[in-house]
Amino acid sequence: MEWKLMEQMQQPDYVPLTIEELGESLHLGKAQMGELEAIVEECLQSGTLVRLKGNRYCLPKDADLITGVIRFRQSGSAMIHPVITPGQPTFEPVWVRAEDTWVAMHEDRVVARMIRETKKPKWKKYARRSVDDPDRKTAKVIRILKRARDTVTGTLASTKFFHYVIPDDPRLIHDIIVGDPADSPAGEKAKVNDKVVVRLHEWKQRHVNPEGEIIEVLGETHTPMAEYRSILHKFGLSPEFPECVDFELKDIPDQIDDAVLKQRKDFRNVFTLTIDPDDAKDFDDALSLEYLEGGDLRIGVHIADVSHYVRPGSALDKEAKKRGNSTYLVGTVIPMLPERLSNGLCSLVEDQDRLVKSVEFHFSKQGKLKGHRFFNGVIRSRKRLTYGQALAFMRGLSSDAIRAMPMPPSHQTGNTGKPVADLSDAEMDAIRKALKSLWSIASGLREARMRKGSLDLDMPEVKIYVDPNGYADRIVKQESDESHQLVEEWMLLANQTVAKDLKGAQLALVYRVHDKPDDEKLVELTDHYATFGVQVGDLSNRKEVVKMLQRIQKHPQEHTLKVQFLRSLKQACYRSTPDGHYGLSMDNYTHFTSPIRRYADLIVHRVFDTYLRKKGFSTAPLDEAVAFSASQMASIAEHLSITESRSSEAERETVKTKLMEFFEKDLSRPVRTPYDAIVTDIKNHGMFVELTDSMAFGLVHISTMGDDLYGLDRDGVSLVGRRTGKVYRVGQKIEVIVERVDRFKRQIDFRIHEGKAKSPESSASVDSSGKNAKRDLRKRRNS
């Protein structure tokens, strides 16, 4: 009925109608009117319909209205991201002035009236004229459809007359007025500078601040525990599991039953290892290697068999589905599964028997894939390697040098494994040989994938490590080196192989989908790249995209340009249809390799078992198969896309928090640490920089540049010193120190480390640009 309703309202001659009139136009009987009322109410809440005076209904655009989610900036202005109406074209976000946001808060769902922007000329004699600018879209909020939140976390502060809470999120631009903390319902009474949770009251008047009451005290603000608890509350995360889950865990035996082992392929005597980050809490995947006659290789990709322990419909299963995935905060993890499974029975830890789903590949001596097979199996990992250790083996470091490498701190990882220093020469040689063989095939797979148009989107990542008290201790920039690429290629091959075979068996599945980018976004990106001197072809052509990525690898602002390209792409998501993966250039792709931390992979494992039964494989489970319909898969996929997005935002938030914590600590040192940085943008109030090691962003304000008076050049792309002619431009390398950290605005400011400005060009080119700048300034004064 909703489809018929939308079709009716999209007719060119439609005029707003009441519920009764809509029922008549749709030829509905009395029994169907209740359903119509429910649909209309649901559409009002979602924003696809609006109600006018006289209880008449229409599409928002027909009344010059827009519905959508409002997202604020720290300045107070906002953008409304319109609701997508079925059958209607999509619209660009619409700008809202700060004074036109009414009582909306960040991420509320709102109704706004479109305003035609008029621009007044600056010249007095034309002051009464107004020039219409039809391209300028603005709006004014007139109604709140749904609040994004009913609670807020923030820091308690006070004046002489009242208490208030400063929200953690700087996009919540209004402080929250609260009563005396002594009268709050929170068990522990809050003190000024405590992190608290506030329940919001209804806010109706913009000229007064919103009000609320303190319902929970999280601890002293900006301490690791308070920040951690704040993020848990904000994103609805919990490290604890319900009692019913704990009750089920008690029935799971610590040892694998012999009857279970007899139904599985035994890989325990096959050389197997894991490669993971230093701070890995759980171990989803392992690789095995067998040398066959004639030089062929049999390589196994073994994935933790979570489905053996988490049964459909169980309390464990319902809680895992609700969470959707594990959330990796800095220094800790909010697991999808209880620790006894995630770090214990399911985790492929060293020197323990573990149940797995296995994809076994057969390669010729020349590296050609000859076939593959699926199994339920059991493995016993010989060694838990970190990426750093694996890379050392792959790059030919001596055994003594590798033995001298530090072990991961026990408080940072779920399992350290046997110290490498304790390995014999024979064990070291076996690991070295295995990694060489695995990489010889994986590197060929990677080259073939790139030739087919897969995009090289590898980006350096920042890893923040904490001390035993939870404070940010060190920041490490991690490149995607050969050790990461080795693991990635085998996981990609397993994911793709499982997707193709299960699709071929016509089984409902959750696919990992990455849609093609919008052409408009790519055109905007082309124009933007041109301002950096990067000329690209038609980016709707994949070959041109590949060329562009190769070209920007040599650009001094490679990271910034790559980030901008990534932002022009659509977000990958889960879907029940195999709609392809743009980034990987694959028609069929799924997630199979991380079931400890992703519910999508657990679902795929259950379908994998159904496939084994359907094909009559000997390791197929004996219990009854789980049947999924296409509609069930669609619902699961939609839910998992939402939980994934929530976790990603929480992870970004914790990284921001720990970065500020790290740099704030630097302010207390007698001598501040200098950091290499690159100028990413120039404004009239200063320049934005990115630190090359931590990839932290910040502003060098023009007021801190005390050696000269700096101003924009005539093109607005450089800052030029009036007296010295010194130039700072986009792409220039400089050295900075921390100037200020604002934990409330989430901003880091830097200043130039005196005498340490660098240029990407030679010193001659710097002198030349300085002379040119002086000449330009003389011309401007003479004119």
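Rules used throughout
What you see as residue numbers is a count from 1 along each chain, following the sequence as written. For this predicted model, a pLDDT threshold of at least 70 governs which residues receive local features, and a threshold of 80 or more governs which side-chain atom pairs are given and counted, while totals over whole chains, interfaces and linings are taken from all residues. As a rule here, side-chain values come from all non-hydrogen atoms in the structure, and water together with hydrogens is ignored. For helices the rule is a DSSP run of H or I covering at least 4 residues; for strands it is a run of E covering at least 2, with both sets numbered from the N terminus onward. Computation of the radius of gyration draws on C-alpha atoms alone. For the globule rule, the value is 2.2 Å times the number of residues to the power 0.38. Burial status follows relative accessibility: with a 1.4 Å probe on protein chains alone, a residue under 20% of its type maximum counts as buried, one over 50% as exposed, and anything between as partly exposed. The contact criterion used throughout is that any non-hydrogen atoms of two residues lie within 4.5 Å. To measure how exposed things are, a 1.4 Å probe is used in the Shrake-Rupley method; for residues, cover is taken only from the protein chains shown. Residues are said to line a cavity or pocket when one of their atoms sits within 4 Å of a point; the points come from a 1 Å grid over protein atoms alone, cavities being sets where a 1.4 Å probe fits but cannot get out and pockets being open sets with protein on both sides within 12 Å along at least five of seven lines. Grid points are joined across faces, edges and corners, and a volume is the space filled by probe spheres set on the points. Note that Gly is not counted as nonpolar here; it falls among the polar residues with everything else outside the nonpolar set of Ala, Val, Leu, Ile, Met, Phe, Trp, Tyr, Cys and Pro and the charged set of Asp, Glu, Lys and Arg. When DSSP finds at least two bridges between two strands, those strands are taken to pair. Axis definition: a line fitted to C-alpha atoms, over the contacting stretch in the case of helices. Angles run 0 to 180 degrees between N-to-C directions. Put simply, a salt bridge is a Lys or Arg side-chain nitrogen that is within 4 Å of an Asp or Glu carboxyl oxygen. Within a predicted model, pLDDT stands for the predictor's per-residue confidence, ranging from 0 to 100. We define the nonpolar core as a collection of buried residues of types Ala, Val, Leu, Ile, Met, Phe, Trp, Tyr and Cys that are connected through side-chain atoms lying within 4.5 Å of one another.

Asker: I tried to follow the overall build of the protein on my own but got confused; where do I start?
Answerer: Counting its secondary structure elements, the protein contains 18 helices and 33 strands. Compactness check: the protein gives a C-alpha radius of gyration of 30 Å against a globular reference of 28 Å for 783 residues, within 12% of the reference. Dimensions along the principal axes, computed over C-alpha positions, put the protein at roughly 90 × 85 × 60 Å. Burial statistics for the protein: of 783 residues in total, 48% are counted as buried. The contacts in the protein between residues at least 6 apart in sequence include a share of 67% that link residues at least 24 apart. Carbon together with sulfur atoms contributes 49% to the accessible area of the protein, which is approximately 39,100 Å² in total.

Asker: Teacher, can you tell me more about the layout of surface pockets here?
Answerer: A water-sized probe, rolled over the atoms, reveals where empty space remains. In this structure, the second largest pocket occupies an estimated 560 Å³ of space. In terms of lining residues, the second largest pocket is bounded by 21 residues, among which Leu369, Leu445, Lys452, Leu493 and Gln496 are the most central. Listing elements by their share of the lining of the second largest pocket, those giving two or more residues are β20 (369-380), α11 (425-451) and α12 (482-504). A total of 7 residues in the lining of the second largest pocket trace back to one element, the largest contributor, which is α12. Looking at the lining of the second largest pocket residue by residue, the classes come out as 8 nonpolar, 6 polar and 7 charged.

Asker: Sorry if this is basic, but what is going on with the sheet that holds strand β15 (residues 285-291) here?
Answerer: Hydrogen bonding along the main chain pairs the strands of a sheet, whether they run parallel or antiparallel. Strands sit in the order β13-β20-β19-β16-β15-β14-β21 across an open sheet of 7 strands; the sheet is mixed. Edge positions in the sheet fall to β13 (265-266) and β21 (383-386), since each of these pairs with one other strand and no more. Pairing analysis gives 11 bridges linking strand β19 (residues 353-363) to β20, with the strands arranged antiparallel. From the neighbouring strand, Phe361 faces β20, where its bridge partner is His372. Strand contacts of α11: β14 (271-276), β15, β16 (297-304), β19 and β21, with the helix running at about 100° to β15, the strand carrying the most contacts.

Asker: Explain the pattern of salt bridges to me, please; I cannot follow it from the model alone.
Answerer: Charged atoms that come close allow side chains of opposite charge to pair. Within this structure, the stated rule accounts for 57 salt bridges. Note that Arg149 and Glu107 form a salt bridge whose closest N and O atoms lie 3.9 Å from each other. Highlighted residues: Arg149 in the loop between β7 (131-146) and β8 (151-158) and Glu107 in the loop between β5 (94-96) and β6 (109-119), separated in sequence by 42 residues. Assessed through its relative accessible area of 29%, Glu107 is described here as partly exposed. Note that Arg264 and Asp305 form a salt bridge whose closest N and O atoms lie 2.6 Å from each other. Of this pair, Arg264 sits in the loop between α6 (258-262) and β13 while Asp305 sits in the loop between β16 and α7 (315-323), and the two are 41 residues apart along the sequence. As far as burial versus exposure is concerned, Arg264 and Asp305 are alike and both buried. A cluster of three or more residues bridged by salt bridges with shared partners is formed by Arg446, Arg449, Asp456, Asp458, Glu488 and Glu489.

Asker: For this particular structure, what's the right way to read the confidence of the model for the protein?
Answerer: Close reading of the predicted structure is inappropriate where its pLDDT is low. Averaged over the protein, the pLDDT score is 89; the fraction of residues at 70 or greater is 93%. Here residues 120-134 is modelled with pLDDT under 50, and outside its nearest four sequence neighbours on either side it reaches 15 contacts, counting other chains as well. Under a pLDDT of 50 for its full length, residues 757-783 has, in the predicted model, 34 contacts with residues more than four places off or in other chains.

Asker: Quick question: what am I supposed to make of helix α15 (residues 558-568) here?
Answerer: Along an α-helix, a turn takes 3.6 residues, which lines up residues three or four apart on a common side. Along α15, the positions that sit buried rather than exposed are Thr560, Leu561, Lys562, Val563, Gln564, Phe565 and Ser568. Against the buried residues of α15 lie α13 (519-530), α14 (542-552), β26 (675-683) and β27 (686-691).

Asker: What is the right way to read the sheet that holds strand β31 (residues 727-729) from this model?
Answerer: If you walk across this open sheet you meet the 3 strands as β29-β30-β31, and the pairing is antiparallel. Strand pairing shows two members of the sheet lacking a second neighbour, β29 (710-712) and β31, which therefore form its edges. Going from strand to strand, the sheet's axes swing by 25° on average, the running direction of each strand aside. Strand direction decides the pairing type here: β29 and strand β30 (residues 718-721), joined by 3 bridges, are antiparallel. Bridge assignment links Tyr710 to a residue of β30, and that residue is Gly721.

Asker: Which parts of the structure should I look at to understand the pairing of β30?
Answerer: Both faces of the sheet carry side chains from a regular strand, because those side chains alternate between them. Judged by which residues are buried, β30 turns out to be covered on both faces: Ser718 and Val720 on one side and Leu719 and Gly721 on the other are all buried. The hairpin turn running from β29 into β30, its antiparallel successor, is 5 residues long, and Gly716 in that turn takes a positive phi close to 70°. Relative to β31, β30 is paired through 3 bridges, and the arrangement is antiparallel. The partner of Val720 across the bridge, within β31, is Val727. Between β30 and β31, which pair antiparallel and follow one another directly, the connecting turn spans 5 residues, one of which, Gly725, has a positive phi of 75°.

Asker: Honestly, the nonpolar core in this entry has me stumped. Any pointers?
Answerer: When a protein is soluble and globular, its nonpolar side chains tend to lie buried together. Residues Ile275, Leu341, Leu435, Trp490 and Leu502 are the most contacted members of the largest nonpolar core, which totals 89 residues. Dropping the residues within four chain positions of it, Leu502 is found in contact with Phe374, Leu507, Leu509, Val604, Val607, Phe608 and Tyr611. One finds Phe663, Tyr675, Met705 and Tyr728 within the second-largest nonpolar core, a separate group that totals 30 residues.

Asker: Looking at this structure, how should I read the side chain of His555?
Answerer: When you line up the elements, His555 lands in the loop between α14 and α15. His555 has contacts with Phe532, Val534 and Leu561, leaving out every residue within four places of it along the chain.

Asker: Explanation requested: the environment of Gly731 in the structure shown.
Answerer: Relative to the elements of secondary structure, Gly731 occurs in the loop between β31 and β32 (733-742). Looking at Gly731, the relative accessible area reads 4%, which means it is buried. Taking the C-alpha atoms as reference points, Gly731 and Pro338, separated by 393 residues in sequence, lie 47 Å from one another.

Asker: I'm lost on the pairing of β8 in this one. Help?
Answerer: Among the 8 residues that make up β8, 7 are buried, leaving the element largely enclosed by the rest of the structure. Here 5 bridges tie β8 to strand β11 (residues 194-200), and the two strands are oriented antiparallel to one another. Directly across from Val152, in β11, lies its bridge partner Val198. In this sheet, strand β9 (residues 163-167) lies alongside β8 in antiparallel orientation, the contact comprising 5 bridges. Counterpart to Thr155 in the pairing with β9 is Ile166.

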